[in-house]
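Okay, here's what each chain looks like letter by letter:
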Amino acid sequence: MQRRQFVQLCGAGLAAFWLPSLSFAAAATEQRFIFIIQRGAADGLNTVIPYADPDYQRLRGALAVQDINDTKLDSLFALHPSLVTAKALYQQQHALFVHAVASAYRERSHFDGQNVLESGGTRAYQLKDGWLNRLLGLLPPAQNEAIAFSPTIPLALRGNYQVDAYASAKLPQPSDDLLLRVSQLYQQDAQLHAAWESAMQVENMADKGMQGQNSQQPAALGKMVGDFLSRPDGPRIAMLETGGWDTHSAQNSRLSKQLSDLDTLLASLQTNLGSHWQQTLIIVATEFGRTAAANGTGGTDHGTGAAMLAFGGALPAITASNRSWPAGKVIADWPGLKDSQLYQGRDLQPTLALDKAITALVSAHYGLEPGKVARTLFPASS
């Protein structure tokens, strides 16, 4: 990614080069919040592994993760061995994991499940805006600058409050001469000139973060996001999309790669947020889990109960204000994996509500009243 590549503002459907509008006001707050969505239904049972459940090995067979001696979290759970940074953060109480968790959605369509996850509704297409956008309305203006690092603004960030988007575009790079000419063209137009300068500022921020690397590389993406959120006038809330979690086949190798990329992203975010890591909360969630048993093609199919991951240096403070969500712990009302304990005889039974987990962490992070957060972010279930 080079400085002169285009900034896409896909929320407006136009490239920023032609209609620049990104503008970040000075943000006084030190709180940062990052939401990472795992599109495709990530396998919670092989991410936070219930190794001591006697039925785990029986159900997973060759898919059961074996190399867990160094990644055990407690007497029941272990992390996938690809999650090296996540394990270190857990030991530092900068991580907590919520298991057997699910949104209100109980079918198995990716589209519908993601709609419920992002809108905060109890059924697909019930709400037209997203819970993350509604969160902006609870925060003072200095705290509610938000950005999506994706080609389009995802549903979770759509709504009444303005949100920017940034994504690298595979378009030819404009020349120095062209950039200068456009700048001169806008010089006498107060509105366009301010917007142009803002777009160039954001582009420079992206260039500083990427240093010529591919935007899809997790380390480079983490650096770019960290640089954005570390600026005094940068956004304070960000959403990232990760795909490729739909592992119907060849799951062991594919999930290892997916989790390794996520781990690299987390490590890069921690490094590049610098001291701001201490004020950062990161939530990682997926639309639903996968079947408890392996299928016949070396993978798992669409399921129900999943795992939610939370990271950040802000977690100890969150725990101090709400001891029901302890950092450095796996939070689970474990339902068991016997056939009689599975949801519909095939899936991990959800015992915790995803909206309640998000509400608890977000409200403690921002010092907001939990009931108000629940009613605003998840109005259909409050």
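Just so it is clear, the model here is predicted, and its values are computed rather than measured.

A. Quick peek at the overall build of the protein. The number of helices and strands found in the protein is eleven helices and 13 strands. A total of 382 residues make up the protein; the buried ones form 58% of that total. For the protein, the share of sequence-separated contacts (at least 6 apart) that also reach a separation of at least 24 residues comes to 72%. As presented, the protein carries roughly 15100 Å² of accessible surface, and 51% of it is formed by carbon and sulfur atoms.

B. Geometry of the layout of surface pockets. In this structure, the second largest pocket spans a volume of roughly 160 Å³. For the second largest pocket, the lining is made up of 16 residues, of which Ala 102, Ser 103, Ala 104, Gly 121 and Asp 355 are closest to its centre. Elements with a contribution of two residues or more to the lining of the second largest pocket: α3 (110-119) and α10 (354-366). The element contributing the most residues to the lining of the second largest pocket is α10, with three residues.

C. Looking closely at helix α7 (residues 218-230). With 13 residues, α7 should reach 18 Å at 1.5 Å per residue; the first-to-last C-alpha distance of 18 Å fits that figure. If you check which residues of α7 are buried, you get Pro 218, Ala 220, Leu 221, Gly 222, Lys 223, Met 224, Val 225, Gly 226, Asp 227, Phe 228 and Leu 229.

D. Structural detail: the nonpolar core. Counting 52 residues, the largest nonpolar core has Ile 34, Phe 97 and Phe 311 as its most contacted members. With seven residues, the top contributor of residues to this core is helix α8 (residues 251-273). If near-sequence neighbours (up to four positions away) are discounted, Ile 34 is found in contact with Val 225, Leu 229, Ala 238, Leu 240, Leu 269, Leu 273, Thr 280, Leu 281, Ile 282 and Ile 283. Listed in part, the 43 residues of the second largest apolar core include Phe 35, Ile 153, Leu 361 and Val 373.

E. Focus on unusual backbone geometry. In this structure, Ala 100 takes a positive phi of about 55° despite not being glycine. Following the sequence through the fold, Ala 100 ends up in strand β6 (residues 95-102). The class for Ala 100 is buried, based on a relative accessible area of 0%. Although it is not a glycine, Gln 344 adopts a positive phi angle of roughly 55°. With respect to the helices and strands, Gln 344 occurs in the loop between β12 (330-331) and β13 (352-353).

F. Representation of the pattern of salt bridges. As enumerated under the stated definition, the model contains 15 salt bridges in all. For the salt bridge of Arg 60 with Asp 43, the shortest nitrogen-to-oxygen distance reads 2.6 Å. Of this pair, Arg 60 sits in helix α1 (residues 54-60) while Asp 43 sits in the loop between β3 (32-38) and β4 (48-49), and the two are 17 residues apart along the sequence. The residues Arg 60 and Asp 43 share a single accessibility class, namely buried. Taken together, the shared-partner salt bridges in this structure form one network comprising Asp 55, Arg 58, Lys 338 and Asp 339.

Basis of the calculations
Residues numbered from 1 in each chain as written. Predicted model: local features only at pLDDT ≥ 70, side-chain atom pairs only at ≥ 80, totals over all residues. Heavy atoms only, no water. Helix = DSSP H or I, 4+ residues; strand = E, 2+ residues; numbered from the N terminus. Buried < 20%, exposed > 50% of the residue type's maximum accessible area, 1.4 Å probe, protein only. Contact = heavy atoms within 4.5 Å. Areas by Shrake-Rupley, 256 points an atom, 1.4 Å probe, with all protein chains shown as cover. 1 Å grid on protein atoms, 1.4 Å probe; cavity = no way out; pocket = protein on both sides within 12 Å on 5 of 7 lines; lining within 4 Å. Points joined across faces, edges and corners; volume = space filled by probe spheres on them. Expected span 1.5 Å × (residues − 1). Core = buried A, V, L, I, M, F, W, Y, C linked by side-chain atoms within 4.5 Å. Salt bridge = Lys/Arg side-chain N within 4 Å of Asp/Glu carboxyl O.

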